[in-house]
Amino acid sequence: MKQRLQKILSDRSIASRRKAEEMIRSGAVSVNGQTAALGDSADPDTDLILVNGVPLPAPAGYIYLMLNKPRGFVTTLSDEKGRPDVSQLVADCGQRVYPIGRLDMDSEGLLLFTNDGAFANEMMHPSHEVQKTYRVQVSSFSQEGFQRLHAPVSLDGYTIKQPQLRLIAADGRKGTFEITIHEGRNRQIRRMCEIAGMQVIRLKRIAEGTLALGNLPTGKWRYLTGEELNKIFTAKAPQPLAKHD
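Every chain is numbered independently, its residues counted from 1 as its sequence is written. A pLDDT threshold of at least 70 governs which residues receive local features in this predicted model, and a stricter bar of 80 or more applies before side-chain atom pairs are shown or counted, although totals over entire chains, interfaces and linings include all residues. Calculation of side-chain values draws on the structure's entire complement of heavy atoms; hydrogens and water are dropped beforehand.

1. Some remarks on the overall build of the protein chain
Where we set the bar: Put simply, DSSP H or I for four residues or longer makes a helix, DSSP E for two residues or longer makes a strand, and each gets a number counted from the N terminus. Each residue is assigned to one of three classes by its accessible area relative to the maximum for its type, calculated with a 1.4 Å probe on protein chains only: buried under 20%, partly exposed between the two thresholds, exposed over 50%. Any pair of residues with heavy atoms lying within 4.5 Å of one another is described as a contacting pair.
The helix and strand tally for the protein chain stands at 6 helices and 17 strands. Seen along its three principal axes, the alpha-carbon backbone of the protein chain occupies a region of about 70 × 50 × 30 Å. For the protein chain, the residues scored as buried account for 44% of the 245 residues in total. Considering only contacts within the protein chain whose residues lie at least 6 apart along the sequence, 65% involve residues at least 24 apart.

This is the structure:
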């Protein structure tokens, strides 16, 4: 819902309304890449509002966290088959949060959670094409198969973009590499490897957009830092229209 900018800044504890009006007049506030003017309104849930180039802090009650998901857990909040689900691993965060995106039961690694629905929808929207990097261990490895991963391939009638690949190790018929993809088709990497004649032994997401899993222990979670959130919101900011003479 749209509100006057000075009210939004006051509600987020940036400044009093009077001080916020001064900040707007000075050009310190922008909305979606455009310098704001006094009297402008914005929707704090959907518009990117910056003050001196820094995104607004999240409103009280919103939390954002990262889990290092273990294998054997389904990415749902409950499972009709009684399998372990990821909600059990973040139950001690103090609020009901929801996973952003998915990792299949046999996959592990970085999985984001939030109770901010607008943020989750933005992150998952196909137009953002958030890059995701995985470390993959395969059997039946071959250099020919590895090179085939570079070739365009169609999944579900969709031709995926060429992934970025980095070979880490090759030992006989086993190999380990990192792959960065732009989409999130169902079991995409496993299916790509099958087409290339390789079988995935282990699949771990190690990065998503500007976020890295780092040394977060398996099965543990942590809050995203203010710096991490700033990078995410800045990356999502619409670019200002080019000016033409």
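2. Some points on the sheet that holds strand S3 (residues 34-35)
The condition is simple: Here the rule is simple: two strands pair whenever DSSP picks up at least two bridges between them.
Reading across from one edge, S3-S2-S5-S6 is the order of the 4 strands in this open sheet, with antiparallel pairing throughout. Every interior strand has two partners, whereas the edge strands, S3 and strand S6 (54-55), have only one. Both strand S5 (residues 49-51) and S6 contribute to a ladder of 2 bridges, which runs antiparallel. Its bridge partner being in S6, Val 51 is matched across the sheet by Val 54.

3. Details of the packing of aromatic side chains
How we decide: Centre distance within 6.5 Å is the pairing criterion for rings of Phe, Tyr and Trp, where only the six-membered ring of Trp is used; planes under 30 degrees apart are then read as stacked, over 60 as edge-to-face, and the remainder as tilted.
Applying the stated criterion across every chain, the model contains 4 aromatic pairs. With a centroid separation of 4.9 Å and an interplanar angle of 75 degrees, the aromatic rings of Tyr 64 and Phe 119 are classed as edge-to-face. Taken together, the residues Tyr 64 in strand S7 (residues 64-69) and Phe 119 in helix H3 (residues 117-124) connect sequence positions 55 residues apart. Of the residues examined, Phe 119 reaches a relative accessible area of 3% and is grouped as buried.

4. Quick notes on the pattern of salt bridges
What counts here: Definition used for salt bridges: Asp or Glu carboxyl oxygen within 4 Å of a side-chain nitrogen of Lys or Arg.
Going through the model one piece at a time under the given rule, you end up with 11 salt bridges. Between Arg 71 and Glu 108 there is a salt bridge, and its shortest N-O distance comes to 3.4 Å. Residue Arg 71 is located in the loop between S7 and strand S8 (98-100), and its partner Glu 108 is located in strand S9 (residues 108-114); the two are separated by 37 residues in the primary sequence. Across the pair Glu 208 and Arg 205 runs a salt bridge, and its minimum N-O distance is 3.5 Å. The network of salt bridges with shared partners includes Arg 71, Glu 108 and Arg 202.

5. Quick word on the nonpolar core
Test applied: Among buried residues, those of type Ala, Val, Leu, Ile, Met, Phe, Trp, Tyr and Cys that are joined through side-chain atoms within 4.5 Å constitute a nonpolar core.
The biggest cluster of nonpolar side chains holds 33 residues, and the ones touching the most others in it are Val 136, Leu 149, Phe 177 and Ile 179. Listed by contribution, the elements that provide at least two residues to this core are S7, S9, strand S10 (132-139), strand S14 (174-181), helix H5 (188-195) and strand S15 (199-208). The next biggest cluster of nonpolar side chains, apart from the first, holds 17 residues, and it includes Leu 48, Leu 110, Leu 211 and Leu 229.

6. Looking at the environment of Asp 40
Put simply, the rule is: The definition of a polar contact used here is a pair of N or O atoms within 3.5 Å, where within protein one atom must be able to donate a hydrogen and the other to accept one, and adjacent residues in sequence count solely through side-chain atom pairs.
Inspection of the secondary structure assignment puts Asp 40 in the loop between S3 and strand S4 (41-42). Apart from the residues lying within four places of it in its own chain, the contact partners of Asp 40 are Gln 3, Arg 4 and Leu 5. In terms of polar contacts, Asp 40 uses its side chain to reach the backbone amide nitrogen of Ala 37, at 2.8 Å.

7. Regarding unusual backbone geometry
Phi is positive for Ser 140, which is not a glycine, with a value near 55 degrees. Mapping Ser 140 onto the fold places it in the loop between S10 and helix H4 (143-148). With phi around 55 degrees, Asp 156 is a residue other than glycine that occupies positive phi space. Along the chain, the position of Asp 156 falls in the loop between strand S11 (154-155) and strand S12 (158-159).

8. Section: the pairing of S15
Here is the key point about a regular strand: its side chains alternate between the two faces of the sheet. Sheet analysis places S9 next to S15, joined by 2 bridges and oriented parallel. Bridge pairing in S15 links Gly 109 to Arg 205. As judged from the 8 bridges shared by S10 and S15, these two strands associate in the antiparallel manner. If you follow Val 138 over to S15, its bridge partner there is Val 200. Direction of pairing for S15 relative to strand S16 (residues 211-212): antiparallel, over a ladder of 2 bridges. Opposite Glu 208, over in S16, you have Leu 211 as the bridge partner.

The quantities given are spatial measurements derived from coordinates; they are silent on function.
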